[in-house]
Amino acid sequence: MTTLLYGRPPAVFDPPGDAVQTSPLIPGSAALEEIPEGTADAAMVYAPPGVLERRYTLALAFRALRPGGQLDVMAAKGKGGSRLGKELRAFGLEVVETAKAHHRRCVALRPAGSSPELEAAVAAGAPRLVPGLEAWSQPGVFAWDRIDPGSALLTQSLPELKGAGIDLGCGYGALATVVLRSPAVTALRLVDLDRRAVAAARRNVEDARATFEWADARTLPEGGELDFVVSNPPFHDGGAEDKRLGQAFIRKAAGLLKKGGVLWLVANRHLPYEAELDAAFRRVRLVADAGGYKVFEAVK
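Starting afresh in each chain, residues are numbered from 1 along the sequence in its written order. Residue-level local features of this predicted model are given only where pLDDT is at least 70; pairs of side-chain atoms are given and counted only at 80 or more, and the full residue set underlies all totals for whole chains, interfaces and linings. In computing side-chain properties, one takes all heavy atoms of the structure into account and sets aside hydrogens as well as water.

Every axis corresponds to a line fitted to the C-alpha atoms, with the helix fit spanning only the stretch in contact, and the corresponding angles, defined between N-to-C directions, vary from 0 to 180 degrees. Only DSSP runs of H or I reaching four residues or more are called helices, and only runs of E reaching two or more are called strands; each is numbered from the N terminus. For the pair helix α1 (residues 51-64) and helix α3 (residues 116-125), interaxial distance at closest approach is 8 Å and the crossing angle is 125°. It follows that α1 is oblique to α3 by the angle criterion. Along this stretch, α1 crosses α3, giving a crossing that reads as left-handed. Every residue of α3 that contacts α1 at Leu52, Arg55, Tyr56, Ala59, Leu60, Phe62 and Arg63 is listed here: Glu117, Leu118, Glu119, Ala121, Val122, Ala124 and Gly125. Note that the term roughly parallel is reserved for angles under 35 degrees, roughly antiparallel for angles over 145, roughly perpendicular for angles of 65 to 115, and oblique for everything else. We call a crossing left-handed when the near helix sits turned anticlockwise from the far one by less than a right angle, and right-handed when that turn is clockwise. By definition in these notes, contact holds between two residues if any of their heavy atoms fall within 4.5 Å.

In structure tokens, the structure reads:
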């Protein structure tokens, strides 16, 4: 029996321990979009909050099931749970809907055949060249269809960097594109937790100096050999603000850099990163403070 799992549902929903993980946010997982149609017996989905991303994920899970296969979906009430039943019924499913632990849970069996609504959901959530952005991206990727203002402020503040560096949390590659304009940059590693972001960055950053890694930046080995780090670190985990993410990125940057290496970091103004920077780096300078964001240069 083949069971698919997307994400990490709360333990109260008894996620199957032997299922094939398919979340793009869990490095090493299978790609849900590559699961052959009609081959899975069951799928459990912890649905993402974004509408396009959620409908895309549900449609892919539906498509992967054999006729009669069970789709078991849950989401927090305030993060798409209230819409789950309606969205699944639009795919032609008969849904049994329950509430538990502040979540909505929907269970349905796949009928034979498909539906135009399902194919439309797959198309709407798929990777695309975003008009106006002139870059490849996908719903679910951070700031997927726009230039993030924090990253924009960081790129405006950057000098021409030199040597080998890394972009922690590279997204679809907007920051890396600017970094690589400097001919003095010899190598740039692009790292992101989101497989979709890494795939988009590969298409957007066509430079022989760039390498790409689907990984949790917090777990990278620390060689202490890089000349620079650039980062617009995440500060949300599962939709909830978590300042510890950015603090972990700061500590990781210090471990990756050689003595005299520099971290260029942008953060929302309200995030308390100054103490972490002062503890990990020899010299810290506030370079810019505008539009609700602050940019730091920190020298190891």
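Having seen the model, we can carry on.
For two strands to be treated as a pair, DSSP must find at least two bridges joining them. Looking at chain direction, strand β16 (residues 283-290) and strand β17 (residues 293-299) are connected through 7 bridges and run antiparallel. Bridge pairing in β17 links Arg283 to Val299. Joining the antiparallel neighbours β16 and β17 is a turn of 2 residues, in which Gly291 adopts a positive phi near 60°.

Moving on to the nonpolar core. Across soluble globular proteins, nonpolar side chains have a tendency to be buried as a group. Buried residues of nine kinds, namely Ala, Val, Leu, Ile, Met, Phe, Trp, Tyr and Cys, make up a nonpolar core once their side-chain atoms join them within 4.5 Å. Residue exposure (1.4 Å probe, protein chains only): buried if accessible area is under 20% of the type maximum, exposed if over 50%, otherwise partly exposed. Within the largest apolar cluster, 30 residues are counted, with the highest numbers of intra-cluster contacts made by Val45, Leu71, Val73, Leu88, Phe91 and Leu93. Put simply, the parts of the chain that give this core at least two residues each are β1 (3-6), β3 (40-46), α1, β4 (65-76), α2 (84-90), β6 (103-109) and α3. Here this core gets 7 residues from one element, more than from any other, and that element is α1. Sequence-distant contacts of Leu88, defined by excluding residues within four places in its chain, comprise Leu58, Leu71, Val73, Leu93, Val95 and Cys106. If you look at the next biggest cluster of nonpolar residues, it comprises 26 residues, including Val198, Val262, Trp264 and Tyr293.

In this section: the sheet that holds β4. Each strand in a sheet pairs with another by means of backbone hydrogen bonds, the pair being arranged parallel or else antiparallel. What the 6 strands build is an open sheet, ordered β2-β1-β3-β4-β6-β5; its pairing is mixed. Edge positions in the sheet fall to β2 (20-21) and β5 (95-100), since each of these pairs with one other strand and no more. Here β1 pairs with β2 via 2 bridges, running parallel. The partner of Leu5 across the bridge, within β2, is Gln21. The strands touched by α1 within the sheet are β1, β3 and β4, with β4 carrying the most contacts at an inclination of about 155°.

As for its placement among the helices and strands, Ser137 is situated in strand β8 (residues 135-137). Judged by relative accessible area, Ser137 falls into the buried class, the value being 1%. Of the polar contacts made by the side chain of Ser137, one reaches the backbone oxygen of Trp144; its length is 2.7 Å. When near neighbours in sequence (up to four residues on either side) are disregarded, Ser137 contacts Ala126, Pro127, Arg128, Val130, Trp144, Tyr172 and Ala200. Two N or O atoms count as a polar contact when they lie within 3.5 Å, although within protein this holds only if one can serve as hydrogen donor and the other as acceptor, and sequence-adjacent residues are included solely when both atoms are side-chain atoms.

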